[in-house]
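Listed here are the chains, written in short residue letters.
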Amino acid sequence: MSGSLMPAGPSAVVSGLGTCLPPRVVSNEELSRQLDTSDEWIVRRTGIRRRHVIEPGSSTSVLATEAGRRALKSAQCDRADAVVLATSTPDRPCPATAPEVASALGLGPVPAFDVAAVCAGFVYALATGAGLISTGVAQRVLVIGADTFSTILDPEDRTTRAIFGDGAGAVVLRRGEPDEPGALGPFDLGSDGELAELIMIPAGGSRQRATGVPAAAGGEYFAMQGKPVFKQAVIRMSESVRRVLALAGWSVGQVDRLVAHQANSRILSALADHLTVPHDRVVSNIDRVGNTVAASIPLALADGGLQPGEKVLITSFGGGLSWGSTVLSWPDVIPG
Ligand code: COA
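Residues numbered from 1 in each chain as written. Predicted model: local features only at pLDDT ≥ 70, side-chain atom pairs only at ≥ 80, totals over all residues. Heavy atoms only, no water.

**Q** I'd love a proper account of the nonpolar core, names of residues and values included.
**A** In terms of nonpolar packing, the biggest core is built from 44 residues, with Phe 149, Leu 258 and Leu 313 touching the most fellow members. Those elements giving two or more residues to this core turn out to be helix H6 (158-163), helix H8 (226-248), strand E12 (257-260), helix H9 (265-275), strand E13 (311-318) and strand E14 (322-329). In terms of residue count, the dominant contributor to this core is H8 (seven residues). Residue contributions to this core reach at least three from each of two domains, namely domain 1 (8-176) and domain 2 (187-329). (Core = buried A, V, L, I, M, F, W, Y, C linked by side-chain atoms within 4.5 Å. Buried < 20%, exposed > 50% of the residue type's maximum accessible area, 1.4 Å probe, protein only. Helix = DSSP H or I, 4+ residues; strand = E, 2+ residues; numbered from the N terminus. Domains from an automatic or database assignment.)

Below, the structure written as structure tokens:
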């Protein structure tokens, strides 16, 4: 149920980082005026105070393109040989969104494709980008995580509307050496499809369409079973972290900063306790952005105040179920 990847040959080195949040901010107070909820409940149960959402007419590709542009600028380059976009809210069900992003960035006819692993998507995309480099397919890869969950939430669902926000983040990976700052270490990736029903959009895919019956009311909305997801998130990320640390030869005590998927501040605390990572080493920006799905890890990397040379542990978990972890020594990059 779990796979690991030790980098073979050239390494993928993080050389740029960029993010994009849509300008519109939705506060807990605004949500409380629309739904039966309160700032007090949302902060106490999730740690979230506000989130960003796109305006009508915008889309995932708009955020992804801007984050990609800023990541390329941060890397002081204007080209990439491939684009890997992690998203579960593509502009359209078909085709993938990444080719339009590559074109909008003026990258030419480069390979570009989407990776769908929900909140674990960015780590899956990082591993994919590293694979493109180690196999010689690309010298430089733009890896983007972008999602606009505001477009798939049930407007009446006070729980999911409190949790999710829109956003995008991107890194540039370049071919380099394994001992360089920024070189991605080993990966641990895994999935468990037996628990797929915990996080899903029931309608709109081949399973529902093949019945010939229109989707049931609300079937097009994102649905989540909060309590079991909470438990699975802590268990799966803890296990994945232990595996990736063993592969990297790092002890927990060597980890300077833990950058985990920002799903709930209580999940971050429980994870830190499980792993015995001091809480002041845990990066958290969930109060400002909520759960931004595939954008969560790069937004946290950019907001974390990471210092060059710090040992950074990245872990994420989401629908599928799916999860993934990796490590790196933080490079000297200025987030754009
Ligand atoms: N405002 C007020 N009350 C709310 C609420 C809201 N926004 N959302 C849910 N509630 C209510 C519930 O209806 C329930 O009421 P009831 O007891 O009358 O039935 C009560 O709060 C407790 O609900 P419960 O689901 O037990 O709360 P919880 O403490 O488990 O917190 C989550 C709910 C969703 C915040 C929490 O389970 C969670 O974060 N799960 C993980 C979600 C996640 O990470 N998803 C993404 C995975 S990548």
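**Q** Residues and numbers for the pattern of salt bridges, please.
**A** Evaluation of the coordinates by the stated rule reveals 13 salt bridges. As a salt-bridge pair, Asp 81 and Arg 79 come within 2.7 Å of each other at their nearest N and O atoms. The exposure class of Arg 79 is partly exposed, given its relative accessible area of 40%. Measuring nitrogen to oxygen at the nearest pair gives 3.7 Å for the salt bridge that ties Arg 257 to Glu 310. Of the two residues, Arg 257 sits in strand E12 while Glu 310 sits in the loop between helix H11 (296-303) and E13, which places them 53 residues apart along the sequence. Overall, the relative accessible area of 14% leaves Arg 257 in the buried class. (Salt bridge = Lys/Arg side-chain N within 4 Å of Asp/Glu carboxyl O.)

**Q** Provide a residue-level description of the layout of surface pockets, including the pertinent values.
**A** Looking at the largest pocket, its volume works out to about 890 Å³. As for the largest pocket, its lining consists of 28 residues, and the residues nearest its centre are Ser 88, Met 200, Ile 201, Ala 203 and Gly 205. Secondary structure elements with two or more residues in the lining of the largest pocket: strand E10 (199-200) and helix H7 (206-209). If one sorts the elements of the lining of the largest pocket by residue count, H7 sits on top with four residues. No fewer than three residues from each of domain 1 (8-176) and domain 2 (187-329) sit in the lining of the largest pocket. Counted as a void, the second largest pocket has a volume near 450 Å³. For the second largest pocket, the lining is made up of 26 residues, of which Ile 163, Met 224, Gly 226, Phe 230 and Asn 264 are closest to its centre. Every element with two or more residues in the lining of the second largest pocket is listed here: helix H2 (39-46), H6, H8, H9 and E13. (1 Å grid on protein atoms, 1.4 Å probe; cavity = no way out; pocket = protein on both sides within 12 Å on 5 of 7 lines; lining within 4 Å. Points joined across faces, edges and corners; volume = space filled by probe spheres on them.)

**Q** So what's going on with the packing of aromatic side chains? Residues and values would help.
**A** In the structure shown here, the tally under the stated rule is three aromatic pairs. Centroid distance Phe 164 to Phe 222: 5.1 Å. Interplanar angle 75°. Geometry classified as edge-to-face. Here the residue Phe 164 occupies a position in the loop between H6 and strand E8 (167-176), and Phe 222 occupies one in the loop between H7 and strand E11 (223-224), the gap between them amounting to 58 residues. Looking at Phe 164, the relative accessible area reads 5%, which means it is buried. A relative accessible area of 6% means that Phe 222 is categorised as buried. By the ring-pair criterion, three or more aromatic residues cluster together here, those being Phe 149, Phe 164 and Phe 222. (Phe/Tyr/Trp six-rings, centres within 6.5 Å; stacked < 30°, edge-to-face > 60°.)

**Q** Please set out the side chain of Gln 208 residue by residue, giving values where relevant.
**A** Structurally, the position occupied by Gln 208 is in helix H7. Judged by its relative accessible area of 18%, Gln 208 falls in the buried class. When near neighbours in sequence (up to four residues on either side) are disregarded, Gln 208 contacts Pro 202, Ala 203, Val 213, Pro 214 and Ala 215. (Contact = heavy atoms within 4.5 Å.)

**Q** Requested: an account of the side chain of Asp 81, with residues and values cited.
**A** Topologically, Asp 81 is positioned in the loop between helix H3 (60-74) and strand E5 (82-86). Of note is the side chain of Asp 81, whose polar atom sits 2.7 Å from the side chain of Arg 79. A distance of 2.7 Å separates a polar side-chain atom of Asp 81 from the backbone nitrogen of Gln 139. Each residue touching Asp 81, except ones within four places of it in the same chain, is listed here: Val 110, Pro 111, Ala 138, Gln 139 and Arg 140. (Polar contact = N/O pair within 3.5 Å; in protein donor to acceptor, adjacent residues only side chain to side chain.)

**Q** Can you break down the sheet that holds E5 residue by residue, with the values?
**A** Judged by pairing direction, the sheet is mixed, and its five strands sit side by side in the order E2-E8-E7-E5-E6 without closing on themselves. Lying at the two open borders of the sheet, with one neighbouring strand each, are strand E2 (11-20) and strand E6 (112-115). Across the sheet, the axes of successive neighbouring strands diverge by a mean angle of 20°, strand direction being ignored. Across five bridges, the pairing between E5 and strand E7 (residues 140-147) is parallel. Within the sheet, the bridge partner assigned to Val 83 lies in E7 and is Leu 142. In the packing of H3 onto the sheet, the strands contacted are E2, E5, E7 and E8, and the crossing angle to E2 comes to about 125°. Contacting E2 and E8, H11 crosses the sheet at an angle of about 85° to E2. (Pairing = 2+ DSSP bridges. Axes fitted to C-alpha atoms, helices over the stretch in contact; angles between N-to-C directions.)

**Q** Account for the site of the ligand, with residues named and values stated.
**A** What surrounds the ligand is a group of 23 residues, the closest being Thr 37, Arg 45, Arg 158, Thr 159 and Asn 264. In the environment of the ligand, an oxygen atom lies 2.6 Å from a nitrogen or oxygen atom belonging to the side chain of Arg 45. At a separation of 2.8 Å, a nitrogen atom of the ligand approaches a polar side-chain atom of Thr 159. Contact with the protein chains hides 74% of the accessible area of the ligand, taken as 960 Å² for the molecule alone. Those elements that provide at least two residues to the shell around the ligand are H2, H6, H8, H9 and E13. Counting contributing residues, the shell around the ligand receives three or more from each of domain 1 (8-176) and domain 2 (187-329). (Near = heavy atom within 4 Å. Areas by Shrake-Rupley, 256 points an atom, 1.4 Å probe, with all protein chains shown as cover.)

Taken by themselves, the reported measurements are silent on function.
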